[in-house]
Amino acid sequence: ATPTAVMVATGKGASQGVLIKGGNALEKAHKVKTVVFDKTGTLTVGKPVVVNAVLFSSYSMEEFCAVSIATEANSEHPIAKSVVEHAKRLLKTFGSTEHVMEAKDFEVHTGAGVSGRVGEKMVLVGNKRLMRHNNVQVGPEVEKYVSEHENLARTCVLVAIDGKIAGSFAVTDPVKPEAARVISYLHSMNITSIMVTGDNWATAAAIAKEVGINKVYAETDPLGKADRIKELQMKGMAVAMVGDGINDSPALVAADVGMAIGAGTDVAIEAADIVLMKSNLEDVVTAIDLSRKTMSRIR
Ligand code: ADP
Ligand code: MG
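Computed from a predicted model, the values in this text were never measured in an experiment. (Residues numbered from 1 in each chain as written. Chains lettered and ligands numbered in written order. Predicted model: local features only at pLDDT ≥ 70, side-chain atom pairs only at ≥ 80, totals over all residues.)

### Observations regarding helix α4 (residues 61-72)
Formally: Think of it this way: any DSSP run of H or I at least four residues long counts as a helix, any run of E at least two long counts as a strand, and we number them from the N terminus. What a helix should span is 1.5 Å times the count of its residues minus one. Buried means a residue has 20 or more other C-beta atoms within 10 Å of its own C-beta, exposed means 12 or fewer, and partly exposed covers the counts in between; C-beta atoms are placed from the backbone.
Taking 1.5 Å per residue as the helical rise, α4 with its 12 residues ought to reach 16 Å, and the 16 Å between its terminal C-alpha atoms agrees with that figure. In terms of residue burial, α4 counts as a mostly covered element, since 9 of its 12 residues are buried. Among the residues of α4, Phe 64, Cys 65, Ala 66, Val 67, Ser 68, Ile 69, Ala 70, Thr 71 and Glu 72 are the ones counted as buried.

Shown next as structure tokens:
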């Protein structure tokens with residue numbers, strides 16, 4: 001495209017809240033045949049809410065909540081924020097006077113959860129993978145609880161104290177109201193949609209079904225997300241990636257067109273070629289349309 005055509009299209013995009021960083025992204029977007037979506041915060045609202053809490057041990061609900069708060073309070077993950085909020089509310093309900101403790105040796109296990117020491121207790125908070133890696137047994141009762149909730153598109157946060165599962169929080173994160181509409185519109189444009197997520201297979205599949213995506217890659221770490229993009233490109237496809245998190249940035253860079261959700265993290269916004277300022281998935285279509293129109297005008 002001519003510099004003038006790029007300038008006009010970039011200006012038009014900006015006025016609609018679609019920030020296009022330079023001509024290259026604009027010129028590539030019209031070729032996109034596959035759009036890969038991150039799940040949490042991209043297809044979903046990204047404001048998870050705890051809908052259930054359960055104990056699997058002899059710890060009291062107060063102890064369980066206090067330990068969970070102490071550990072998750074150090075995490076930036078939206079799931080952690082929902083756990084802290086819910087556990088605090090539960091403590092209030094019990095009229096508990098237990099003061100909130102602080103976790104020592106806090107560690108983040110990307111794509112899996114967090115750990116720390118609360119008083120004398122070793123605490124792990126996260127998914128089954130985190131438990132497996134730390135040799136914590138997940139018994140049949142816990143498995144049953146987890147799969148029941150996962151099939152309802154919920155994510156279960158497991159809490160282990162001193163190497164044993166103490167309890168769990170079931171977290172729900174509703175899909176964005178426009179998600180299904182955008183996916184079906186992309187399909188009508190002959191563009192394939194794929195989901196890639198760090199979350200587990202069952203939850204991912206349930207969300208994918210809800211929005212009409214029929215290909216899913218779950219339990220994928222940040223570099224794995226980028227690898228999936230590269231595999232698709234090797235088949236000769238131009239690929240767009242839509243994401244919001246730090247964990248999406250390698251994939252955003254690898255994609256032919258990286259699109260960041262405006263409400264996402266700065267790292268994702270920097271890694272992307274296009275920023276969707278309104279955080280509305282309809283603007284994935286806006287961006288591709290803008291590119292198609294610009295490119296057809298010059299040829
Ligand atoms: P996504 O790709 O869906 O944005 P992440 O890669 O950030 O997800 O995390 C993957 C999974 O790891 C989460 O779905 C959750 O099960 C677990 N997890 C990560 N951080 C935490 C945390 N602070 N507390 C509880 N669970 C966590
Ligand atoms: Mg995300």
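### With respect to the environment of Glu 219
The cut-off we apply is this: By the convention adopted here, residues make contact when the C-beta atoms placed from their backbones lie within 7 Å.
Inspection of the secondary structure puts Glu 219 in the loop between β10 (216-217) and α10 (222-234). Residue Glu 219 is classed as partly exposed on the basis of its 16 C-beta neighbours within 10 Å. Remark: the alpha-carbon pair of Glu 219 and Ser 60, spanning 159 residues in sequence, is separated by 32 Å. Leaving out residues up to four positions away in the same chain, Glu 219 has contacts with Arg 129, Gly 198, Asn 200 and Trp 201.

### Some words on the site of ligand 1
Quick note on the threshold: Whether a residue is near a molecule or strand depends on its C-beta atom, placed from the backbone, lying within 6 Å of it. For this classification, Asp, Glu, Lys and Arg are treated as charged, while Ala, Val, Leu, Ile, Met, Phe, Trp, Tyr, Cys and Pro are nonpolar and the rest, including Gly, are polar. Domain start and stop points were drawn from an automatic or database domain assignment.
The environment of ligand 1 is made up of 22 residues, and the closest members are Thr 40, Ser 75, His 77, Asn 127 and Gly 198. Going through the elements one at a time, α3 (39-43), α5 (78-93), β5 (113-118), β6 (121-126) and β7 (155-161) are the ones with two or more residues in the shell around ligand 1. Split by residue class, the shell around ligand 1 holds 6 nonpolar, 12 polar and 4 charged. Counting contributing residues per domain, the shell around ligand 1 is built from domain 1 (3-45 + 175-298) and domain 2 (49-172), each supplying no fewer than three.

### Structural notes on the packing of α4 against α5
Helices that pack against each other are described as a pair by the angle of their axes relative to one another and the distance between those axes. The criterion, for reference: Think of each axis as a best-fit line through the C-alpha atoms, taken over the contacting stretch in the case of a helix, with angles from 0 to 180 degrees between the N-to-C directions. We call a crossing left-handed when the near helix sits turned anticlockwise from the far one by less than a right angle, and right-handed when that turn is clockwise.
Between α4 and α5, the least distance of the axes is 9 Å, while the angle of their chain directions is 145°. Seen from above, α4 lies across α5 with left-handed handedness. Here Met 61, Glu 62, Cys 65, Ala 66, Ser 68, Ile 69 and Glu 72 of α4 lie close against α5, whose contacting residues are Ala 80, Val 83, Val 84, Ala 87, Lys 88, Leu 90 and Leu 91. Broken down by class, the residue content of the contact of α4 with α5 amounts to 10 nonpolar, 1 polar and 3 charged.

### Focus: the sheet that holds strand β1 (residues 18-20)
What counts, and what does not: Paired strands, in this sense, are two strands between which DSSP finds at least two bridges.
Read from one edge to the other, the open sheet built from 7 strands follows the order β1-β13-β12-β11-β2-β9-β10, with strand pairing classed as mixed. Two strands lie at the open edges of the sheet, namely β1 and β10, each paired on one side alone. Both strand β9 (residues 192-196) and β10 contribute to a ladder of 2 bridges, which runs parallel. For Met 195, the partnering residue across the bridge sits in β10 and is Val 216. Against the sheet, α10 touches β2 (34-38), β9, β10 and β11 (239-243), its axis set at about 160° to β11.

### Section: the sheet that holds β5
As summarised here, the arrangement of the 6 strands in space is β3-β8-β7-β6-β5-β4, forming an open sheet in which the pairing is antiparallel. The open sheet is flanked by β3 (49-55) and β4 (103-109), the only strands paired with a single partner. Sheet twist, expressed as the mean angle between neighbouring strand axes with direction ignored, is 15°. Both β3 and strand β8 (residues 164-172) contribute to a ladder of 6 bridges, which runs antiparallel.

### Points about the pairing of strand β12 (residues 257-261)
Burial analysis of β12 places 5 of its 5 residues in the buried class, which makes it a mostly covered element. Along β12, one buried face is formed by Val 257, Met 259 and Ile 261 and the opposite face, lined by Gly 258 and Ala 260, is buried too.

### So, the nonpolar core
Note the cut-off: In these notes, a nonpolar core means any group of buried Ala, Val, Leu, Ile, Met, Phe, Trp, Tyr and Cys residues linked to one another through C-beta atoms within 7 Å.
Ala 240, Met 241, Met 259 and Ile 274 are the most contacted members of the largest nonpolar core, which has 51 residues in total. For Met 259, the contacting residues outside a window of four places in its chain are Ala 240, Met 241, Val 242, Ala 272, Ile 274, Leu 276, Val 284 and Ala 287.

### A word on the pairing of β5
Counting buried positions over the 6 residues of β5 gives 5, a clear majority of the element. Linking β4 to β5, which pair antiparallel, is a turn of 3 residues; within it Gly 111 sits at a positive phi near 75°. Following β5, the chain reverses through 2 residues before pairing antiparallel with β6; Gly 119 in that reversal takes a positive phi of roughly 60°.

### Some remarks on unusual backbone geometry
With a phi angle near 55°, Asn 135 is a residue other than glycine that sits in the positive phi range. Within the fold, Asn 135 resides in the loop between α6 (128-133) and α7 (140-150). Although it is not a glycine, Ala 153 adopts a positive phi angle of roughly 70°. Residue Ala 153 is classed as buried on the basis of its 21 C-beta neighbours within 10 Å.

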